[in-house]
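The chain contents come next:
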Amino acid sequence: MDFNVKKLASDAGVFFSRAVQFTEEKLGQAEKTELDAHFENLLARADCTKNWTEKILRQTEVLLQPNPSARVEEFLYEKLDRKVPSRVTNGELLAQYMTEAANDFGPGTPYGKTLIKVGETQRRLGAAERDFIHCASINFLTPLRNFLEGDWRTISKERRILQNRRLDLDACKARLKKAKAAEAKAALWSDEVEKAEHELRLTQTEFDRQAEVTRLLLEGISSTHVNHLRCLHEFVESQTNYYAQCYQYMLDLQKQLGRFSGTFVGNAESTSPPAAATSPPAVAAATLPAVPTIPVVPTIVGVPNTVAEGVLNPNEVKPPASGTRKARVLYDYEAADSTELALLADEMITVYSLPGMDPDWLIGERGNQKGKVPVTYLELLS
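1. Quick word on the overall build of the protein chain
- Across its full length, the protein chain holds eight helices and five strands.
- Looking at the protein chain residue by residue over its 382 residues, the buried ones come to 32%.
- Within the protein chain, counting contacts between residues at least 6 apart in sequence, those at least 24 apart form 70% of the total.
- Only carbon and sulfur atoms are counted for the fraction: they give 57% of the accessible area of the protein chain, which is about 23,900 Å².

In structure tokens, the structure reads:
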């Protein structure tokens, strides 16, 4: 019992001594042991790493799961050490709605068939998104989180201990200074000086030992950067694979829909031929020069219209007497069928429009080859 009381009293005395030393330092009334410049740089680098790791982690979580309620739910499951329930992605939910709508409208109708095809692609996109999120969480988020919850907590703990050791050291220095000042006035204080010097040697040793431990942990931040760099490469790789999958799925879908472009001829609403197989950057498309086009000629029942029906025979197409232009190809383009012309980036072709053509498409010629080409893949030259 007496031992516990003495220990509590000792702890209270140490805490009070540290509080006094800290307060006097803040008021400029006490000297403070400064760390060397290298140590200070290590501290600043560690704080910088912690702060940016937190921001990158949080924003990556937002990227992978934009729904804040879902993020909170996943956080709670993780803290309770329980498996997060599987959640349907937006693409998979859209695929479900499209399939159900196709069954109601009639899976054999043009609209129903298209809904089924688009729905299947959305399902594949949703599955690819799920795989990407899972891969990114394991290979990128988990290492960042482990650093913040593991290594950084250890570093913070040792830094607090070092701070306490420094306060104890500076308090001992202050007591020794006072004892020597008193000794100068009366020889009776020599015992106090000897005691203060002994305490100073002990606290200096403890401070030096703790400073070395903390220094080693701080220098380990370099290894943390190397590990996070590797994880970042894995994140980029998984993201690249995800977008490549999405690109391929959409390319396949565009080709499938392009084969049935003639199905919609004669409907009350005008429809366009299939869009470009890939969507070039919005900025590039927006800055393309305007293309002079001829008004679309409506389809008349019983009168053949080769271009409007999407059945383009290159041998039957004749360029107009005027209105042809040169164009530079911006992106590679794979022809969906025999009516289209495959393109290679940076090549030069001749283009022109025909009556009844969709304004998003032109006729392109390269030597004796010709076919439809998407306008957004071209830079029209004067």
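2. A look at the pattern of salt bridges
- All told, the structure shown has 18 salt bridges when counted by the stated rule.
- The shortest N-O distance in the salt bridge between Glu 206 and Arg 165 comes to 4.0 Å. Note that Glu 206 is positioned in helix α6 (residues 190-219) and Arg 165 in helix α5 (residues 110-183), a separation of 41 residues in sequence.
- With a shortest N-O distance of 3.5 Å, Arg 175 and Glu 199 are connected by a salt bridge. Within this pair, whereas Arg 175 is found in helix α5, its partner Glu 199 is found in helix α6, the two being separated by 24 residues in sequence.
- The class of Glu 199 is partly exposed, set by a relative accessible area of 24%.
- Within the structure, one salt-bridge network assembled from shared partners comprises Asp 36, Glu 212 and Arg 215.

3. Remarks on the side chain of Thr 33
- Along the chain, the position of Thr 33 falls in the loop between α1 (2-26) and α2 (37-64).
- For Thr 33, a relative accessible area of 15% puts it in the buried group.
- A polar atom in the side chain of Thr 33 sits 2.3 Å from the side chain of Asp 170.
- Polar side-chain contacts of Thr 33 include one of 3.0 Å to the side chain of Lys 173.
- In this view, Thr 33 contacts Arg 166, Leu 169, Asp 170, Lys 173 and Phe 207; residues no more than four positions away in its chain are not counted.

4. Some remarks on the pairing of strand β1 (residues 325-329)
- Pairing of β1 with strand β2 (residues 348-352), which is carried by four bridges, proceeds in the antiparallel orientation. Among the inter-strand pairings, Arg 328 is bridged to a residue of β2, identified as Met 348.
- Pairing between β1 and strand β5 (residues 378-380): three bridges, direction antiparallel. Bridge assignment links Ala 327 to a residue of β5, and that residue is Leu 380.

5. A closer look at the confidence of the model for the protein chain
- Here the protein chain averages 81 in pLDDT, and 79% of its residues register 70 or above.
- Ranking the elements of the protein chain by mean pLDDT puts helix α8 (residues 282-286) last, at 41, and α2 first, at 95.
- Confidence drops under pLDDT 50 across residues 261-310; counting only partners more than four residues distant or on other chains, this segment forms 74 contacts.

6. Things to note about the side chain of Asp 168
- Structurally, Asp 168 is set in helix α5.
- Given a relative accessible area of 14%, Asp 168 falls into the buried group.
- Within the local environment of Asp 168, its side chain forms a polar contact with the side chain of Arg 18, the two groups lying 2.8 Å apart.
- In this structure, Asp 168 is in contact with Val 14, Arg 18 and Thr 203, ignoring residues within four places of it in sequence.

7. Points about the nonpolar core
- Grouped together as the largest cluster of nonpolar side chains are 34 residues, with contacts concentrated most on Phe 39, Phe 132, Phe 140 and Leu 218.
- Every element with two or more residues in this core is listed here: α2, α5, α6 and α7 (221-258).
- Of all the elements, α5 adds the most residues to this core, at 16 residues.
- Setting aside its immediate chain neighbours within four residues, Leu 218 contacts Phe 39, Leu 42, Leu 43, Ala 46 and Ile 155.

8. Some details on α6
- With 30 residues, α6 should cover 44 Å at 1.5 Å per step; its first-to-last C-alpha distance of 43 Å lies within 8% of that length.
- Considered for burial, the residues of α6 that qualify are Val 193, Ala 196, Leu 200, Thr 203, Phe 207, Gln 210, Ala 211, Thr 214, Arg 215 and Leu 218.
- Looking at the buried side of α6, the elements it contacts are α2, α5 and α7.

The rules behind the values
- Residues numbered from 1 in each chain as written.
- Predicted model: local features only at pLDDT ≥ 70, side-chain atom pairs only at ≥ 80, totals over all residues.
- Heavy atoms only, no water.
- Helix = DSSP H or I, 4+ residues; strand = E, 2+ residues; numbered from the N terminus.
- Buried < 20%, exposed > 50% of the residue type's maximum accessible area, 1.4 Å probe, protein only.
- Contact = heavy atoms within 4.5 Å.
- Areas by Shrake-Rupley, 256 points an atom, 1.4 Å probe, with all protein chains shown as cover.
- Salt bridge = Lys/Arg side-chain N within 4 Å of Asp/Glu carboxyl O.
- Polar contact = N/O pair within 3.5 Å; in protein donor to acceptor, adjacent residues only side chain to side chain.
- Pairing = 2+ DSSP bridges.
- pLDDT = per-residue confidence, 0-100.
- Core = buried A, V, L, I, M, F, W, Y, C linked by side-chain atoms within 4.5 Å.
- Expected span 1.5 Å × (residues − 1).

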